[in-house]
Amino acid sequence: MIHFPILRTRRLTVQLRELSFRQSIKLAAMPIDAEEAARTAFLRFAVESCKGVEDPVQWTAQERLLGVCHYLAAVRDDGPDFVLGGGGHYSDYLDGTVDTGPENVDVGEVGGDAWRVKRLTGAMAESIERLSGEVEGFAGRLHWLMGGMAVQMVRVGEITPDPDAGEGAFDEWLSARIRVMTEFPASELEALLGLYAKGRDALDHLFCVDFSDTGLVALPKKGGGDLPPVRFPVHAALTRTVLEMVR
């Protein structure tokens, strides 16, 4: 049995446990293009107890990456500061000095409306993932960027659906919202993108996250040099035997 130190942040106190063989097989069989769904399943399997926000689908995107990395730090042969592709180490990406942040931040006005950016949760990221390919002409990183902006940017005073209230209803709302935003005048959308980037920077904690063609990635922390973005996929936490058996 592998020992996992307790993971503590200002919002969470988490005790992890080793995955069972059955759980590992189930995770290995999940599609590689459903990384956020796999991350939720992995964390629900691996979390033995949690004080604070109990369901990992309600954790922030950064907290979810931390949960996966905390598991990797205990199971990897190269130790807690494990090596990543591109020559970096885990410590080049994790910024433990900022382990939480505000729920939202006001970013400015566009089109006569005042806007704010709220933090990205696992439920939101899963919805963006499920909607991949829904809007014609918007795929890869562009889809993730538009989906992130649509789900995180709200007008001050605007009431939006709770992603935990029902996946189907939330997906329908988000799909419609993405389509509406794509029809904004180009100048307004460009201004919104600028405010969105500003808001995301202000909400960064634990990791600096961005979007790639396949979903969320972590950028090196400040001072991390020219290291590439990394994904921290759930499959990295599975044994070679499990992966070979499923494949």
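Here the residue numbers are simple positions, counted from 1 along each chain's written sequence. Where totals are concerned, whole chains, interfaces and linings use all residues; where local detail is concerned, this predicted model gives features only for residues with pLDDT of at least 70, and gives and counts side-chain atom pairs only at 80 or more. Only hydrogens and water are set aside when side-chain values are computed; all heavy atoms of the structure are taken into account.

Caption draft 1: Looking closely at the packing of helix α2 (residues 35–46) against helix α3 (residues 61–75). In this analysis an axis means a line fitted to C-alpha atoms, helices contributing only their contacting stretch, and an angle means the value between N-to-C directions, from 0 to 180 degrees. To qualify as a helix, a DSSP run of H or I must reach at least 4 residues; to qualify as a strand, a run of E must reach at least 2; elements of each kind are numbered from the N terminus. Taken N-terminus to C-terminus, the directions of α2 and α3 make an angle of 60°; their axes are 10 Å apart at the nearest point. Overall, the two elements α2 and α3 adopt an arrangement that is oblique. Between α2 and α3 lies a crossing of left-handed hand. Two secondary-structure elements touch here, α2 through Glu-36, Arg-39, Thr-40, Phe-42, Leu-43 and Ala-46 and α3 through Arg-64, Leu-65, Gly-67, Val-68 and Tyr-71. The nonpolar class holds Ala, Val, Leu, Ile, Met, Phe, Trp, Tyr, Cys and Pro. Asp, Glu, Lys and Arg form the charged class, and all remaining residues, Gly among them, are polar. Partitioned by chemical class, the residues of the contact of α2 with α3 number 6 nonpolar, 2 polar and 3 charged. Orientation categories follow fixed angle ranges, with anything under 35 degrees roughly parallel, anything over 145 roughly antiparallel, 65 to 115 roughly perpendicular, and all other angles oblique. Left-handed is the label given to a crossing in which the near helix is rotated counterclockwise from the far helix by less than a right angle, and right-handed is the label when the rotation is clockwise. Residue contacts follow a heavy-atom distance rule, with two residues in contact if any of their heavy atoms lie within 4.5 Å.

Caption draft 2: A look at a nonpolar patch on the surface. Think of a patch as exposed residues, more than 30% relative accessible area, with no salt bridge, where like charges cluster within 9 Å and nonpolar side chains (Val, Leu, Ile, Met, Phe, Trp, Tyr) cluster within 5 Å. Exposure was quantified through the Shrake-Rupley algorithm and a 1.4 Å probe, taking into account, for residues, occlusion by the shown protein chains and nothing else. Salt bridge, as used here: a side-chain nitrogen of Lys or Arg that lies within 4 Å of a carboxyl oxygen of Asp or Glu. The grouping of Phe-21, Met-245 and Val-246 at the surface amounts to a nonpolar patch, some 290 Å² of accessible area in total. Examined against the element boundaries, Phe-21 turns out to sit in helix α1 (residues 21–28). Each residue's exposure class comes from its accessible area (1.4 Å probe, protein chains only) as a fraction of the maximum for that residue type: buried when under 20%, exposed when over 50%, partly exposed otherwise. Its relative accessible area of 48% is what places Phe-21 among the partly exposed residues.

Caption draft 3: Local environment of the sheet that holds strand β3 (residues 47–52). Here, any two strands with at least 2 DSSP bridges between them count as paired. Across the sheet, which stays open at both edges, the 3 strands sit in the order β1-β2-β3 with antiparallel pairing between neighbours. Each edge of the sheet is formed by a strand with only one pairing partner; in this case those strands are β1 (7–8) and β3. For β1 and strand β2 (residues 12–16), the ladder comprises 2 bridges, and the chain directions are antiparallel. From the neighbouring strand, Leu-7 faces β2, where its bridge partner is Val-14. The strands touched by α2 within the sheet are β2 and β3, with β3 carrying the most contacts at an inclination of about 95°. Packing against the sheet, α3 makes contact with β1 and β2, and its axis sits at approximately 35° to β2.

Caption draft 4: Region of interest: the layout of surface pockets. Lining residues are defined by having an atom within 4 Å of a point belonging to a cavity or pocket. Those points lie on a 1 Å grid over the protein atoms alone, cavities being sets where a 1.4 Å probe fits but cannot get out and pockets being open sets with protein on both sides within 12 Å along at least five of seven lines. Grid points are joined across faces, edges and corners, and a volume is the space filled by probe spheres set on the points. What the largest pocket holds in volume is close to 350 Å³. Lining the largest pocket we find 17 residues, and of these Glu-103, Lys-118, Arg-119, Thr-121 and Met-124 sit closest to its centre. One number sums up the size of the second largest pocket: a volume of about 270 Å³. Lining of the second largest pocket is provided by 16 residues; of these, Tyr-71, Val-75, Ala-237, Leu-238 and Thr-239 occupy positions nearest its centre. Elements with a contribution of two residues or more to the lining of the second largest pocket: α1, α3 and α8 (240–246). The class makeup of the residues in the lining of the second largest pocket is 9 nonpolar, 3 polar and 4 charged.

Caption draft 5: Broad picture of empty space enclosed by the protein. One pass over the structure, following the stated rule, counts 2 cavities of 30 Å³ or more. Estimates place the volume of the largest cavity at around 130 Å³. In terms of lining, the largest cavity is formed by 13 residues, of which the most central are Gln-62, Leu-120, Gln-152, Arg-200 and Val-209. In terms of residue class, the lining of the largest cavity is made up of 7 nonpolar, 2 polar and 4 charged. In this structure, the second largest cavity spans a volume of roughly 40 Å³. Put simply, the parts of the chain that give the lining of the second largest cavity at least two residues each are α2 and β8 (215–219). Classifying every residue of the lining of the second largest cavity gives 2 nonpolar, 2 polar and 5 charged.

Caption draft 6: How the structure looks around the packing of aromatic side chains. Only centres within 6.5 Å qualify two rings of Phe, Tyr or Trp (six-membered ring in Trp) as a pair; their planes then separate them into stacked at under 30 degrees, edge-to-face at over 60, and tilted for everything else. Tallied over the entire structure, the rule returns 9 aromatic pairs. Plain terms: the ring middles of Phe-42 and Tyr-71 are 5.1 Å apart, the flat faces sit at 80° to each other, and that makes the pair edge-to-face. Of this pair, Phe-42 sits in helix α2 while Tyr-71 sits in helix α3, placing them 29 residues apart in sequence. Look at Tyr-90 and Phe-232: their rings are 6.3 Å apart centre to centre, the planes differ by 80°, and that puts the pair in the edge-to-face class. Of this pair, Tyr-90 sits in the loop between α3 and β4 (104–110) while Phe-232 sits in the loop between β8 and α8, placing them 142 residues apart in sequence. Like Tyr-90, the residue Phe-232 is buried in the burial classification. Within the aromatic cluster, the residues linked to one another by ring pairs are Phe-82, Tyr-90, Tyr-93, Phe-207 and Phe-232. Geometrically, a lysine NZ or arginine CZ counts as sitting over a ring once it is within 6 Å of the ring centre and also within 35 degrees of the ring normal. The lysine or arginine in question, Arg-200, covers the ring of Tyr-196, its NZ or CZ lying 5.0 Å from the ring centre.

Caption draft 7: Representation of the nonpolar core within the structure. Only buried Ala, Val, Leu, Ile, Met, Phe, Trp, Tyr and Cys residues count toward a nonpolar core, and they belong to the same one when joined by side-chain atoms within 4.5 Å. The biggest cluster of nonpolar side chains holds 71 residues, and the ones touching the most others in it are Phe-42, Met-153, Phe-207 and Phe-232. Looking at which element gives the most residues to this core, the answer is α3, with 8 residues. Other than its neighbours up to four places away in sequence, Phe-232 contacts Glu-35, Arg-39, Leu-65, Val-68, Cys-69, Phe-82, Leu-84, Tyr-90, Tyr-93, Phe-207 and Ala-218.

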